[in-house]
Amino acid sequence: MDIFIAIVQILDSTIRLSVPLLLACLAGLYSERAGVFDIGLEGKMLVGAFAGASAAAVFHSAFIGLGMAILMSVAFAMVHGFASITHRGNQIVSGVAINFIAAGSTIMLGQAWFQQGGRTPALQPGERFEAIVWPGADAVRDVPILGPIYSELISGHSILVYIAFLMVPFTWWVLYRTRFGLRMRAVGENPAAVDTAGISVAWLRYRALICTGILTGIAGAYLSMVQNGGFVKDMTAGKGYIALAALIFAKWRPVNAMFACLLFGFLDAASIRLQGSPLPVIGKVPAQFMQALPYVLTVILLAGFIGKAIPPRAGGVPYVKER
Amino acid sequence: MAQAAIELIGINKSFGAVRANRDINLEVARGTIHGIVGENGAGKSTLMSILYGFYQADSGEIRVGGKPVAINTSNDAIALGIGMVHQHFMLVDNFTVLENVILGAENDPLLKSSIAKARSELDRLEREYGLEVDPDAVIEELPVGLQQRVEILKALYRGAEILILDEPTGVLTPAEADHLFRILKQLKDQGKTIVLITHKLREIMAITDTVSVMRQGTMVATRVTKQTTVGELAELMVGRRVLLRVEKGQSEAGAIKLSVKNLTVKDSRGVTMVDNVSFDVRGGEIVGIAGVAGNGQSELLEAISGIRHAVSGEVMLDGKPIDLTGKADPGELRDRGLAHVPEDRHHVGLVLAFEENENSILGYHDDERYLKGLFLNVDAIMADAKDKIEKYDIRPGNPRLKTANFSGGNQQKIVLAREMEQDPGVLIVGQPTRGVDVGAIEFIHKRLIAMRDQGKAVLVVSVELDEIRSLSDRILVMFAGRVVGERGPEATEGELGLLMAGVEHQEAAE
């Protein structure tokens, strides 16, 4: 039974750890499906995390925090759009710039406002998103097998976790069942076809970037208001890049994206769990190796195990009418 | 006469310094097929893009059904019942036929009802016009003929009454093209108006009611198809230019310098551009290749100069083969005495941002004469550049000036001076006087004839018929990738025009 409990606990933290990846990955899916590469997911998450924790601490409301996180993240997405859609700038350069601005400005403003070395004040209950305990979760806890699965895995997460996982079918529905989704997929493949069909390429791409901003905002809020009780500098720690890797791994499809993020989340959870404990056959493994494992696997998986990942064909190319 | 479906009045459009359309007037009658012919770059596509709202005219008026209209976006054009089948299909390759058809014409934020409506509408169009295509097929898995049908369906689905087709047969096999023409005739019978842009005269004669000819951005003539001939259209398309005949003596053809045997070249789409072409060029003669632009001359030039991969055949330079895999080392070919003046001097012949003296040795810069150890011998290069400037009368005569600041004619002289002064055995020249003023044309022609008189083999490709006739000792005519005839310099313009239009070839084939 110990092993079973351990597995449930690892899966539970898998879910918690994959949520920010999943939100960021779906965020990237919107912009890249519309033909705008977005390496600035990292920066937008960071901005969202900072804005969310700051606003929650000042206004004593988790929901105002979430709103601010989304607002600021969308604002940064619009900067990316202004540079790369309106002015046809290089999307990679614009994205990298956003990451730098986010990393610097969050620390600077944090220090100026709260004087805690770039941190925001620790969030009090009511300023964070609390875990939602599902009805009967405590009662069934002792039921074998199903009890722990219900009470640990399904129940007991914050609202943002459920939102993140609901975003998967929702994104699928938007992408394949709505007019907006059809046009968005088209503009990422062949913007000239969209243009000649009488639809504005720029406005369509801006709307996709708004979706991106909303999702990275929620991802940031999750980091600083659920996983952590406040903002810490550089707290995204490369999750935006892992999300991009997961997006490629998922071949730009929402359901695949969920599984890719769960896999990366699982590797992360396993590495935390297994740190310091001896493994069968191999023996004790250095903690650093376990921490590096998700990244090593990312490289290996991306290099050879996913087959041909064909990105949206117009990705990364600003749209210019041909002569 | 039926009421005009479209009237264009005084349309002007410039891209930077290039005037793509100047003062165009055009009237297309309702319920007819109206052809617009002209060479590549004559401004046909630009004009139609203006009509479709893809570009805005700098000045001029458009009337649809007699009413002046403003067409600022493709949406405006679609709303006026104008549909366009683009030369490069505007389809999303990994979408299904249905998805492509409804893109931009969805009647609801959710797709379900749009798809249902499109499915029944496609069914109706299929029955009415014989436009069969599987609505659930993915575009990239369809042959190009069917992809084009999807483009037509897209326009009809949007209620197009006026259909513009831009070079529709360029990617089609002859059988597919014939099917397309049957569809177009059927559409015409149903009252649709069709504008057909092409540079293929056979199509014009086969299917249109009226034809307008464009040349260098202007509309030069409109004819009733039944009352004109291919010869007249060819002449109108290519145009006569006032050109001074350059004095030249009899050629004294020597040994074979360049020999092309059974050369076949395909473009990136797999379309055969050069089809089993063979010819020789001897020392002391100028061989001219005539043809309407786009009949394989460019690809032939590129293959011979080692830039483009050839599917089969061989090219011998002084009896030794040239690497035709497209990976030939241009430096090696230069060492073997092959000089090449490319058709497109801006992209292939020159680096416009370089100074004149740098361009005047480009490609020969590792020649000992221009080197001092590891470094460029700047003094020698400058002396050499000044020498060429004097000899070729390049103006302004400043070797330090940026090449972009020279006029087209003088840029061409820079390239010619560079290639000719290397004393090559074989000189290949593409469009020697494109965009060059009259004075410089005469100079360039004299230089080419001087090369011939020195016993060099010269191959000239030009779309200017007068130029070919004035320079060549032998004239080869290319049509649809093949050499369809060889004539002496005494051949008349009409005779060559018919060959260029593929008429004799067509008759011979039938």
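Just so we're clear, the structure is a prediction, and the values are computed from it rather than from any experiment. (Residues numbered from 1 in each chain as written. Chains lettered and ligands numbered in written order. Predicted model: local features only at pLDDT ≥ 70, side-chain atom pairs only at ≥ 80, totals over all residues. Heavy atoms only, no water.)

1. Comments concerning the overall build of chain B
Then comes step 1: The helix and strand tally for chain B stands at 18 helices and 22 strands.
Then comes step 2: For chain B, the C-alpha radius of gyration of 25 Å lies close to 24 Å, the compact-globule estimate for 510 residues.
Then comes step 3: Expressed as a percentage of its 510 residues, the buried residues of chain B come to 54%.
Then comes step 4: Within chain B, contacts between residues at least 6 apart in sequence are counted, and of these 66% link residues at least 24 apart.
Then comes step 5: Summed over its atoms, the accessible surface of chain B is roughly 21,600 Å², and 49% of this surface lies on carbon and sulfur atoms.
Then comes step 6: On chain B, the mean spot of the 58 positive side-chain charges and the mean spot of the 75 negative ones are 2 Å from each other. (Helix = DSSP H or I, 4+ residues; strand = E, 2+ residues; numbered from the N terminus. Rg over C-alpha atoms; globule rule 2.2 N^0.38 Å. Buried < 20%, exposed > 50% of the residue type's maximum accessible area, 1.4 Å probe, protein only. Contact = heavy atoms within 4.5 Å. Areas by Shrake-Rupley, 256 points an atom, 1.4 Å probe, with all protein chains shown as cover. Lys, Arg positive; Asp, Glu negative; His and termini not counted. Charge placed at Lys NZ, Arg CZ, Asp CG, Glu CD.)

2. Side note on helix H1 (residues 44-51) of chain B
Residue and element names in this part refer to chain B.
Then comes step 1: Across the eight residues of H1, seven count as buried, placing the element largely inside the fold.
Then comes step 2: Among all positions in H1, only Lys44, Thr46, Leu47, Met48, Ser49, Ile50 and Leu51 are buried.
Then comes step 3: The positive-phi residue at the C-terminal boundary of H1 is Gly53, with phi of around 80 degrees.

3. What to know about the state of the cysteines
All names here are of chain A.
Then comes step 1: Inspection of every chain in the model, using the stated rule, returns zero disulfides over all chains.
Then comes step 2: No disulfide involves Cys211; its sulfur sits 15 Å from that of Cys25, the nearest cysteine.
Then comes step 3: Here Cys261 is not cross-linked by a disulfide; its sulfur's nearest cysteine counterpart is in Cys25, at 4.0 Å.
Then comes step 4: Of the residues examined, Cys261 reaches a relative accessible area of 1% and is grouped as buried. (Disulfide = S-S within 2.5 Å.)

4. Here we look at the domain arrangement of chain B
Residues and elements named next belong to chain B.
Then comes step 1: Examined at the domain level, chain B breaks down into domain 1 (4-238) and domain 2 (256-349 + 425-509).
Then comes step 2: Look at where the C-alpha atoms of domain 1 and domain 2 centre, and you get two points 33 Å apart.
Then comes step 3: Across the boundary between the two partners, domain 1 contributes 13 residues, which contact 14 residues of domain 2.
Then comes step 4: When the two sides are added together, the surface that domain 1 and domain 2 hide from each other amounts to roughly 1,000 Å², 64% of it contributed by carbon and sulfur.
Then comes step 5: Where domain 1 packs against domain 2, one counts zero salt bridges.
Then comes step 6: Linking domain 1 with domain 2 are zero residue pairs in polar contact (both at pLDDT 80 or more).
Then comes step 7: Counting residues per element, the ones that place at least two in the side of domain 1 that touches domain 2 are helix H7 (201-207) and helix H8 (230-238).
Then comes step 8: Looking at which element gives the most residues to the side of domain 1 that touches domain 2, the answer is H8, with six residues.
Then comes step 9: In terms of residue class, the side of domain 1 that touches domain 2 is made up of six nonpolar, four polar and three charged. (Domains from an automatic or database assignment. Buried area = accessible area lost by both parts, 1.4 Å probe. Salt bridge = Lys/Arg side-chain N within 4 Å of Asp/Glu carboxyl O. Polar contact = N/O pair within 3.5 Å; in protein donor to acceptor, adjacent residues only side chain to side chain. Nonpolar A, V, L, I, M, F, W, Y, C, P; charged D, E, K, R; others polar.)

5. Let's talk about the packing of aromatic side chains
Then comes step 1: Per the stated rule, a full pass over the model turns up eleven aromatic pairs over all chains.
Then comes step 2: Between the aromatic rings of Phe50 of chain A and Phe231 of chain A, the centroid separation amounts to 5.2 Å while the plane-to-plane angle is 75 degrees, which identifies the pairing as edge-to-face. Taken together, the residues span a long stretch of sequence, with Phe50 of chain A in helix H2 (residues 41-59) and Phe231 of chain A in the loop between helix H9 (201-227) and helix H10 (239-249) at a distance of 181 residues. Residue Phe50 of chain A shares its accessibility class with Phe231 of chain A, and that shared class is buried.
Then comes step 3: Ring plane angle 85 degrees and centroid distance 5.1 Å describe the contact between Phe63 of chain A and Phe129 of chain A, whose orientation is recorded as edge-to-face. Here Phe63 of chain A is found in helix H3 (residues 62-86), whereas its partner Phe129 of chain A is found in the loop between helix H4 (91-114) and strand E1 (131-132), with 66 residues between them in sequence.
Then comes step 4: Positioned above the aromatic ring of Phe443 of chain B is the side chain of Lys413 of chain B, whose terminal nitrogen or guanidinium carbon lies 5.1 Å from the ring centre.
Then comes step 5: The ring of Tyr392 of chain B carries Arg447 of chain B above its face, with NZ or CZ at 4.5 Å from the centroid. (Phe/Tyr/Trp six-rings, centres within 6.5 Å; stacked < 30°, edge-to-face > 60°. Lys NZ or Arg CZ within 6 Å of the ring centre and 35° of its normal.)

6. Considerations on the sheet that holds strand E6 (residues 82-85) of chain B
Whether parallel or antiparallel, the strands of a sheet pair through hydrogen bonds between backbone atoms.
Residue and element names in this part refer to chain B.
Then comes step 1: What the six strands build is an open sheet, ordered E6-E7-E8-E3-E9-E10; its pairing is mixed. Across the chains shown, the open sheet's two edge strands, defined by having one partner strand only, are E6 and strand E10 (218-224). Geometrically, the sheet is characterised by an average inter-axis angle of 20 degrees between neighbouring strands, direction not taken into account.
Then comes step 2: Strands in contact with helix H6 (residues 174-189) are strand E3 (33-37), strand E7 (162-166) and strand E8 (193-198); relative to E8, the strand with the most contacts, it is inclined by about 150 degrees.
Then comes step 3: In this fold H8 packs onto E3, strand E9 (210-215) and E10, with an angle of close to 30 degrees to the strand it touches most, E9. (Pairing = 2+ DSSP bridges. Axes fitted to C-alpha atoms, helices over the stretch in contact; angles between N-to-C directions.)

7. Quick look at the interface of chain B and chain A
Then comes step 1: Counting from both sides, the interface comprises 28 residues of chain B and, opposite them, 24 residues of chain A.
Then comes step 2: Between chain B and chain A, roughly 2,200 Å² of surface is buried when both sides are summed, and carbon and sulfur atoms account for 58% of that area.
Then comes step 3: The largest share of the area that chain B buries against chain A comes from Phe54, Leu103 and Leu111 of chain B, three residues that together contribute 24% of it.
Then comes step 4: For the interface between chain B and chain A, the tally reads four salt bridges.
Then comes step 5: A salt bridge links Arg183 of chain A to Glu106 of chain B, with the shortest nitrogen-to-oxygen separation between them at 2.6 Å.
Then comes step 6: Connecting chain B to chain A are nine residue pairs in polar contact (both at pLDDT 80 or more).
Then comes step 7: Among the elements of the structure, helix H2 (74-79) and helix H3 (97-102) of chain B are those that each provide at least two residues to the side of chain B that touches chain A.
Then comes step 8: For the side of chain B that touches chain A, the element with the most residues is H2 of chain B, which contributes three residues.

8. Examining the pairing of E7 of chain B
Residue and element names in this part refer to chain B.
Then comes step 1: Taking burial as the measure, the five residues of E7 include five buried ones, the bulk of the element.
Then comes step 2: Going residue by residue along E7, you find Ile162, Ile164 and Asp166 tucked away on one face and Leu163 and Leu165 tucked away on the opposite face as well.
Then comes step 3: Here E6 pairs with E7 via four bridges, running parallel. When the sheet's bridge partners are listed, Gly83 is paired in E7 with Leu163.
Then comes step 4: Bridge count between E7 and E8: five bridges; the pairing is parallel. Pairing of Ile162 across the sheet is with Thr193, part of E8.
Then comes step 5: For the crossover from E7 across H6 to E8, the handedness is right-handed. (Right-handed = clockwise from strand over helix to strand, strands pointing away.)

9. A closer look at the layout of surface pockets
Then comes step 1: The calculated volume of the second largest pocket comes to roughly 400 Å³.
Then comes step 2: Lining the second largest pocket are 18 residues; nearest its centre among them are Arg33, Glu189, Arg253 and Ile310 of chain A together with Asn94 of chain B.
Then comes step 3: In terms of residue class, the lining of the second largest pocket is built from seven nonpolar, two polar and nine charged. (1 Å grid on protein atoms, 1.4 Å probe; cavity = no way out; pocket = protein on both sides within 12 Å on 5 of 7 lines; lining within 4 Å. Points joined across faces, edges and corners; volume = space filled by probe spheres on them.)

10. Focus: the confidence of the model for chain B
Residues and elements named next belong to chain B.
Then comes step 1: Residues at a pLDDT of 70 or more form 96% of chain B, whose mean pLDDT is 87.
Then comes step 2: Every residue in residues 505-510 scores below 50 in pLDDT, and together they form five contacts with partners more than four places removed in sequence or on other chains.
Then comes step 3: Of the two predicted TM-score estimates for the complex, the pTM is 0.75 and the ipTM is 0.87. (pLDDT = per-residue confidence, 0-100.)

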